[in-house]
Amino acid sequence: MARTLTILAYIAAFLAGVFVTSFMSLYKLTSTAFTAAEWGSNLDMSSFVKDASNSVRGSVIQVKDAINDENSKLMKEIADLQKTIEHLKKSSGTDEASERSTDETKYTIRTNSKQTGMCSLLPQPAPTALSMWSNHLPHILNASQHPEDRGNVYREFTSLLLHYMTPDRMQRGVKTLPLDWTPVERGLDVMYKRWKFIQDEVDSYRSKNNIPADNAVPPNVMEDIHKNPKIPRPLNVVVMGGSVTMGVVCHINPVTQTGIARRNCAWPGRLTSFFSKLFGGYELVQFHTVAMGGTNTESGITMWDYSLLPGDTPYPDVVINAYATNDMHYNSVQSALAKNITLERSVIELNQDYVRQVLTPKRECGHPPPLLLYLDDYLGNEQNEVMTTMISSQAIHLISGYYGLGSISYADAVRDIIYGDNKEWWYRANWFENGAYQRAVHPHMGMHTSTTWIVAFYFINLVTTYCSLPAREISSLQRHSHLHAGLDQDSKPTKLLGGPKQRPRGLPPALTDDLSLENITQLWLDGAESTNKLWKSATECANKGKVASNDEQIEKPCMYSWVVGLERFLDKTKNLEGKLKPQIISNEGWSAADDNGKLGWVPAGNGSKFTMEWKSVTQPVRALTLMIMRSYGEKWEGSRLKVEIWSDQKLMVSDEIVGFHDKKTSETYNIKMKIGDNSQGTQSDAALDNEITIGSHLKVTFELVGGKAFKISGMAICDH
């Protein structure tokens, strides 16, 4: 037994050296030790390799000391083992292949093949995320320094957090992986094109200035490279959430009472910098925070459907739903009670609607659904019963499992820490302010720093897992890919009885009370048949010439949109007027008003009219959606708004929208006007086209033709 353990120890030391030197040379990462003097410094590659080699050499010496009493046979076994490992390492890139083709698509499964794209930057076989994380803790600590923490104030605090957040906790945070890895493949393609451009520019600079390959490039040079207008775009990640995602009270920490501004302090604000440092200054990933206090997944459904993303936020490659805390908020509980359903049922229904909204393509071979991930960060005490607080976690697990989504759990990674000491406040909110138990749901700086690591680890795990899948070559797409369960068009039919058939396209049927094992397959097939055009495979789209390059920026589905209360700063009359002003060409009696905290665009009375226009639209327009408030009483009686949509001089659709109802409450409704719908029969036969084409002139008129009151609280002009 002793001899076996000794050999295993030697193997571990040797493999650590091979992995560290090969991986770090490929990524050109820098590293620092866990010391105050070296915090934030960037060592050159030769220094890192020398340190790594010294570390491995020290491990080998210790092992040799431990086996001095072993006989020469054992030493020969170790020497032979070294040669075997080196031989395997050299032969891992051979191109021996075993081929398999199907009638649907021609591809090749290649064992021990040379990887392409981002996967080619990893050692082969690809290391696990856990081994990468464990072997690069000093560099992870260095990358965690916040750009605003120029004095290294949080160095010791961050070091302690990383000490408690052990690598196995990172692994616990990985809950589910995606079924369809196509979005991961697209994302890695985007990253690789950007990496290749930066690397070529860096190599060119070094060549012109005779700078050794291992020396760091000056920061101003890297900044100029990233500003180059020809540089391919980064991977865009949009994080949607509420006040926790915004970073409310993120400044609270045990070091200083002053802190980093909330949005920069929050974990989404930290990740762009973290990944940049992790990639040696190469800015390959950009995180965008779309978060507002008080919003939950229900708000996220509307925001996504009507593209209510800030102007500087592009259509994303990856979406992270981080509404878990607000889905469990007191307001969400009250909303569920008003619907006469349980909180658990409400959370499941909302998240199912959100998933189906985000993952359904807007049009054929266009706007491919992003990679959708869920983050469970709820460790608040909106509910005092532990079982009840787990509702969000259970709902996310259920939805992720059924729809094949990726999910991350900060909560599960640290739950034992919190339940083991419910008075600690590094990893959550402080429940015992001045010794008294209180409601507190907003976690502090420690949670946001730790969540940065949890999410980063999950992304690394995605990459290493994808790059470990069997490689395949798709002749029709002229690129390499990997075989995974999401490729529903690549399954080969079998003549053997009882084998599975090709999976139906699209999303499975919605989870409802009457969905049964007996009817689920037929319902899935029926749904696939009705939406078949939207779910074309990449190969089919390529054959039609409709596949957009992954490095091109994908257009947002809505060319114009706004909803009061869901956009940052769109909460005052002045801001709403500023939002509408650029498009309004005439206005008789309409203005912004805030009645009882309900902001909206309202008329002065019957006959009030305004017109909006867009010259030469840049994308097809197929629908206008209005979010309106319906109310009751004498003022609202008979309220009707006439809306006409014109393309150039042609009336496309006309309709009258009712603004009152018999309920003794005020409620918001979404009214969608589809281009080509002949609601009143007022349009000409020639105007029955189903879209306003690119380059056309769009004009929309609004006139109150009944009653005295009306309120528009949102508007979206979209391609769907």
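Residues numbered from 1 in each chain as written. Predicted model: local features only at pLDDT ≥ 70, side-chain atom pairs only at ≥ 80, totals over all residues. Heavy atoms only, no water.

1. Comments concerning unusual backbone geometry
Line of reasoning, step 1. At the junction of Gln 124 and Pro 125, the peptide bond is cis and its omega measures out at -5° in the coordinates.
Line of reasoning, step 2. By the secondary structure assignment, Pro 125 is in the loop between strand E1 (109-110) and helix H4 (129-135).
Line of reasoning, step 3. Positive phi, close to 55°, is recorded for Ser 616, a residue that is not glycine.
Line of reasoning, step 4. Mapped onto the fold, Ser 616 is located in the loop between strand E16 (609-614) and strand E17 (623-630). (Helix = DSSP H or I, 4+ residues; strand = E, 2+ residues; numbered from the N terminus.)

2. Digging into the confidence of the model for the chain
Line of reasoning, step 1. The predicted model of the chain has a mean per-residue pLDDT of 80, with 78% of residues at 70 or higher.
Line of reasoning, step 2. Scored below 50 in pLDDT, residues 1-64 makes 95 contacts in the model with residues more than four places away or belonging to other chains.
Line of reasoning, step 3. Counting contacts from residues 679-688, a segment whose pLDDT is below 50, to residues more than four positions away or on other chains yields 21 contacts. (pLDDT = per-residue confidence, 0-100. Contact = heavy atoms within 4.5 Å.)

3. Remarks on the packing of helix H6 (residues 155-164) against helix H20 (residues 445-468)
Line of reasoning, step 1. Two elements in contact, H6 and H20, have axes whose closest approach is 10 Å; the angle formed by their N-to-C orientations is 55°. The orientation of H6 relative to H20 falls into the category oblique. Relative to H20, the crossing made by H6 is right-handed. For the pair H6 and H20, the contacting residues are Phe 157, Thr 158, Leu 161 and Leu 162 in the first and Met 445, Gly 446, Thr 449, Ser 450 and Trp 453 in the second. (Axes fitted to C-alpha atoms, helices over the stretch in contact; angles between N-to-C directions. Parallel < 35°, antiparallel > 145°, perpendicular 65-115°, else oblique. Left-handed = near helix turned anticlockwise from the far one by under 90°.)

4. Here's the deal with the pairing of strand E3 (residues 235-241)
Line of reasoning, step 1. A large share of E3 lies buried, amounting to seven of its seven residues.
Line of reasoning, step 2. Taking every second residue as pointing to the same face, both faces of E3 are buried, with Leu 235, Val 237, Val 239 and Gly 241 on one and Asn 236, Val 238 and Met 240 on the other.
Line of reasoning, step 3. Direction of pairing for E3 relative to strand E4 (residues 285-291): parallel, over a ladder of seven bridges. Looking at the pairing, Gly 241 lines up with Ala 291 of E4.
Line of reasoning, step 4. Of the pairings in the sheet, the one linking E3 to strand E5 (residues 318-322) comprises five bridges and is parallel in character. Looking at the pairing, Gly 241 lines up with Ala 322 of E5. (Buried < 20%, exposed > 50% of the residue type's maximum accessible area, 1.4 Å probe, protein only. Pairing = 2+ DSSP bridges.)

5. Looking at the nonpolar core
Line of reasoning, step 1. Within the largest apolar cluster, 81 residues are counted, with the highest numbers of intra-cluster contacts made by Trp 133, Leu 284, Phe 287, Ile 320, Val 414, Trp 453 and Phe 459.
Line of reasoning, step 2. Examining the composition of this core, we find that 14 residues originate from one element, H20, more than from any other.
Line of reasoning, step 3. With sequence-adjacent residues up to four places away left out, Phe 459 is seen in contact with Val 237, Phe 275, Phe 287, Val 318, Ile 320 and Leu 373.
Line of reasoning, step 4. Of all hydrophobic cores here, the second largest spans 38 residues; its members include Tyr 315, Leu 350, Val 355 and Tyr 403. (Core = buried A, V, L, I, M, F, W, Y, C linked by side-chain atoms within 4.5 Å.)

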